[in-house]
Amino acid sequence: MAELKCEFAPIVYAELYRLLASNKSLADPLGYRLDEIRYDVDWLDEAIEAYEDKWTSDLQYMTPDTVADFALSQPDHAVLATWILAGLRNAGRCYDLSKDLQQRVLDRAQKDLPGLAVPLPSALNPVIYGWTLGCGVSSDDLPAMPAVLPLEENVRHAFLGFMEHVLVLQSMATPWPEMMSTATYWRGYGIAEGLLPELGNGGHALNQLKNEAGPLMEPPMYILLERYFKEFNQRRQSVSHVARDDSRPSFVEVAKTIQDWDGLRMAVVGLTQFVYQEVSKELLNTPPHSIRPAVWDNLIHEIRTW
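Residues numbered from 1 in each chain as written. Predicted model: local features only at pLDDT ≥ 70, side-chain atom pairs only at ≥ 80, totals over all residues. Heavy atoms only, no water.

**What about the environment of Glu178?**
- By the secondary structure assignment, Glu178 is in helix H7 (residues 178-195).
- Between the alpha carbons of Glu178 and Gln259 there is a distance of 7.3 Å; along the sequence they are 81 residues apart.
- Each residue touching Glu178, except ones within four places of it in the same chain, is listed here: Phe251 and Ala255. (Helix = DSSP H or I, 4+ residues; strand = E, 2+ residues; numbered from the N terminus. Contact = heavy atoms within 4.5 Å.)

**Things to note about helix H5 (residues 95-112)**
- In a regular helix each residue adds 1.5 Å, so 18 residues correspond to 26 Å; H5 covers 26 Å between its end C-alpha atoms and thus fits that length.
- Along H5, the residues that are buried comprise Leu97, Ser98, Leu101, Gln102, Val105, Arg108, Ala109 and Asp112. The buried side chains of H5 occupy one side of the element, clustering within an arc of 140° when seen end-on.
- Elements that come into contact with the buried residues of H5 comprise helix H1 (10-22), helix H3 (43-59), helix H4 (76-86) and strand E1 (126-129). (Expected span 1.5 Å × (residues − 1). Buried < 20%, exposed > 50% of the residue type's maximum accessible area, 1.4 Å probe, protein only. Arc of directions from axis to C-beta.)

**Quick look at the environment of Cys135**
- Assignment of secondary structure puts Cys135 in strand E2 (residues 132-136).
- For Cys135, a relative accessible area of 1% corresponds to the buried category.
- Along the primary structure Cys135 and Leu199 are separated by 64 residues, whereas in three dimensions their C-alpha atoms are 30 Å apart.
- Discounting chain neighbours no more than four positions away, the residues touching Cys135 are Lys5, Cys6, Glu7, Phe8, Ser122, Asn125, Val127, Pro143, Ala144 and Met145.

**Some points on the sheet that holds strand E3 (residues 144-146)**
- The three strands lie next to each other as E1-E2-E3, forming an open sheet whose pairing is antiparallel. Either end of the sheet is taken by a strand with one partner, and the two such strands are E1 and E3. Neighbour-to-neighbour, the strand axes of this sheet turn through a mean angle of 40°, independent of strand direction.
- In this sheet, E3 lies alongside E2 in antiparallel orientation, the contact comprising three bridges. The residue bridging Gly136 from the neighbouring strand is Ala144, located in E3.
- Packed on one face of the sheet, helix H12 (residues 261-285) meets E1, E2 and E3 and runs near 140° to E2. (Pairing = 2+ DSSP bridges. Axes fitted to C-alpha atoms, helices over the stretch in contact; angles between N-to-C directions.)

Laid out in structure tokens, this is it:
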């Protein structure tokens, strides 16, 4: 099973900051965000150059099979990047940014490392959901480990357990055992309840999380998510309470809906979106303790001395 960590090769950060710097519509919110740590938008050029230099230096030793060995393991590289992204969450959707970043990293990696196979290793597999940066840890974009986990300890561990569970399922032959697949419902309900405990129960939390996701997701994907999670709580009740109840789908009907990755993927998309959008909401006003004016001074020293 892949290790759950969010670590990237330097080229990921170079391409992310290059995309941000080139997007004129983001100039003002980027400027406001960087001003919080006493930098301006010109800092992006400095960061791009530093990560490019590190990538170029590493290439002389790197092979297609050893890319992961050259990922930057200091967490604050990813934490800083997602803190910056969280400051843009009121700018709308991040789908295009995520896809553009993935494509740029793919193009650069295949150009600089001939023979690099697809799917790319995790160190070259960035995703952005809900304005939070994550690292794909399987051959699919999901599950993805966020650069920053939710503040609440129980939610953190519940989401990590969910990702571990999905990775195990992805490694298994289908159809999957019923209890392993339907576990998605009770864990998903619990994660939603933990993200918004003030709403009193997971059903209300799921509705609120869906509403928050609307402005952050592409309309076609949001339509699919809204349709899927509209009956999520009912289906959770069906697998928690096996006795027939005409007010909800039967246990047997629900058990048949998740037997392979096609049946599970929308649940993973939705729960990832919900967790990631709540992380960016937390980061918008509450920076991690390491994000302070000196953070880049420490990171660039590390880059140049490795």
